[in-house]
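# Observations on the three-dimensional arrangement
Spelled out from the first residue to the last, the chains are:
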Amino acid sequence: MLLSDLEIIIKTAELGSITAAATNLDMQVARASAAIKRVEKQLGFELFIRSTRQLRLSVMGERYLPQCIHALEILNNAQQNLLSDQDEINGELRLTTSSDLGRNFIMPWLDKLAEQHPQLTLKLILNDHTLDFYRDSVDVALRYGSPTDSNLYGFKICEVPRVLCASPSYVSAHSAPEHPRELPAHNGLFYQLSGIVHDTWKFTRDKHIYSAKITGNRVANDGDLVRRWCVAGKGLALKSAIDMSEDLLTQKVVSLMPQYRPTPTELWLICPSKQSITPKVRLLRDLVTDNCQQILNKLKNKGFV
């Protein structure tokens, strides 16, 4: 027996008319009439006594209707309780993200989230490798670059500028480059992903693209290590402005060649399926979006991006 059929019966008894019930429920009269006949057939007795001018409950209908209303209330309450449970921020949230974001930004943001929602359990997996949701057993991934798998679902958090930077001590010892063609004379600090060393850096100025192949004596598959080398004065690094934000704002590093803009990237929150986009995932999305926007606003106000 369909719940919608029971709703039609209750509304028909309330309004005393199949036509009025159909109008109230925004459906065709024929559909409402068919629903009543269907329930009467299943029950084995008539619920309504019909005449050309009026419709009223039968004796059996008068006995059945209160129980029908009660049953429908129980089912509706059960549904509302389930929806309320889904809105609660509890259970485990398994997140994977890059080393830079995880250690320096996401970890303190998640600490605040855990304080606000004590029923929430957090699992944070830091790695810079290509994500496999099923192998790594995670709910959501925060990654630079848009998702390439059309089966995945994602939220674009923001566009993230990149910055070319070095420590003041490195600039003092080697002077600051003013044009991309000068970069090969400097020591590059490189990030390696899936066996590929990112040692060709691209810049844009006045719609012209400049490409420079750099050499260097340090390569890491951990983005945070590249950042630490840069702060320590070991060479030049091309990094996400968010990753380098605290170092830029505290002048541990300086931005180089600001008139030449490195190719920007994007920050995405990625889920394995539409069903995995739960209230706690949306809460995480909003948390990351707000904090990233605050960081980018600070950098913009200081002229770094």
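This report concerns the structure included in the present document. (Residues numbered from 1 in each chain as written. Predicted model: local features only at pLDDT ≥ 70, side-chain atom pairs only at ≥ 80, totals over all residues. Heavy atoms only, no water.)

## Observations concerning the pairing of strand E11 (residues 208-213)
Strand residues, when the strand is regular, have side chains that alternate between the two faces of the sheet. Note: strand E10 (residues 200-205) against E11, 6 bridges, orientation antiparallel. Bridged to lysine 202 within E11 is serine 211. The hairpin turn running from E10 into E11, its antiparallel successor, is 2 residues long, and aspartate 206 in that turn takes a positive phi close to 55°. (Pairing = 2+ DSSP bridges. Helix = DSSP H or I, 4+ residues; strand = E, 2+ residues; numbered from the N terminus.)

## Concerning the layout of surface pockets
Considering only enclosed or pocket space, the second largest pocket measures out at about 170 Å³ in volume. Asn104, Phe105, Pro108, Trp109, Glu246, Leu249, Asn291, Gln294, Ile295 and Lys298 are the residues that line the second largest pocket. Elements represented by at least two residues in the lining of the second largest pocket include exactly helix H5 (99-116), helix H9 (245-249) and helix H10 (279-301). (1 Å grid on protein atoms, 1.4 Å probe; cavity = no way out; pocket = protein on both sides within 12 Å on 5 of 7 lines; lining within 4 Å. Points joined across faces, edges and corners; volume = space filled by probe spheres on them.)

## A short note on H5
When the terminal C-alpha atoms of H5 are compared, their 24 Å separation across 18 residues agrees well with the 26 Å that a helix rising 1.5 Å per residue should span. In the structure, H5 departs most strongly from a straight axis at isoleucine 106, where the bend amounts to approximately 50° and where the proline proline 108 lies between one and four residues downstream. For H5, the set of buried residues is Ser99, Asp100, Leu101, Gly102, Phe105, Ile106, Trp109, Leu110 and Leu113. (Expected span 1.5 Å × (residues − 1). Bend = angle between axes of the 7 residues up to and from the residue. Buried < 20%, exposed > 50% of the residue type's maximum accessible area, 1.4 Å probe, protein only.)

## Examining the packing of aromatic side chains
Summed over all chains, the structure comprises 4 aromatic pairs. Measuring from ring centre to ring centre gives 6.1 Å for phenylalanine 105 and tryptophan 109, while their planes differ by 55°; the resulting arrangement is tilted. In this pair, phenylalanine 105 and tryptophan 109 are both assigned in helix H5, 4 residues apart and thus about one turn of the helix distant. Pairing phenylalanine 190 with tryptophan 201 gives two aromatic rings, centres 5.8 Å apart and planes at 65°, and the pair type is edge-to-face. In this pair, phenylalanine 190 sits in strand E8 (residues 187-193) while tryptophan 201 sits in strand E10, placing the two residues 11 residues apart along the sequence. Taking relative accessible area as the criterion, tryptophan 201 reaches 4% and is therefore assigned buried. One cation-aromatic arrangement involves arginine 205 over tyrosine 260; the distance from NZ or CZ to the ring centre is 5.0 Å. For the cation-ring pair, arginine 285 lies above phenylalanine 155, with the distance from its terminal atom to the ring centre recorded as 4.8 Å. (Phe/Tyr/Trp six-rings, centres within 6.5 Å; stacked < 30°, edge-to-face > 60°. Lys NZ or Arg CZ within 6 Å of the ring centre and 35° of its normal.)

## Focus on empty space enclosed by the protein
Per the stated rule, a full pass over the model turns up 1 cavity of 30 Å³ or more. When its volume is computed, the largest cavity comes out at roughly 70 Å³. Lining the largest cavity are Arg162, Val163, Leu164, Phe203, Ser255, Leu256, Met257, Pro258, Tyr260, Arg261, Pro262 and Phe304. If you list the elements that add at least two residues to the lining of the largest cavity, you get strand E7 (162-166) and strand E15 (261-262). The class makeup of the residues in the lining of the largest cavity is 9 nonpolar, 1 polar and 2 charged. (Nonpolar A, V, L, I, M, F, W, Y, C, P; charged D, E, K, R; others polar.)

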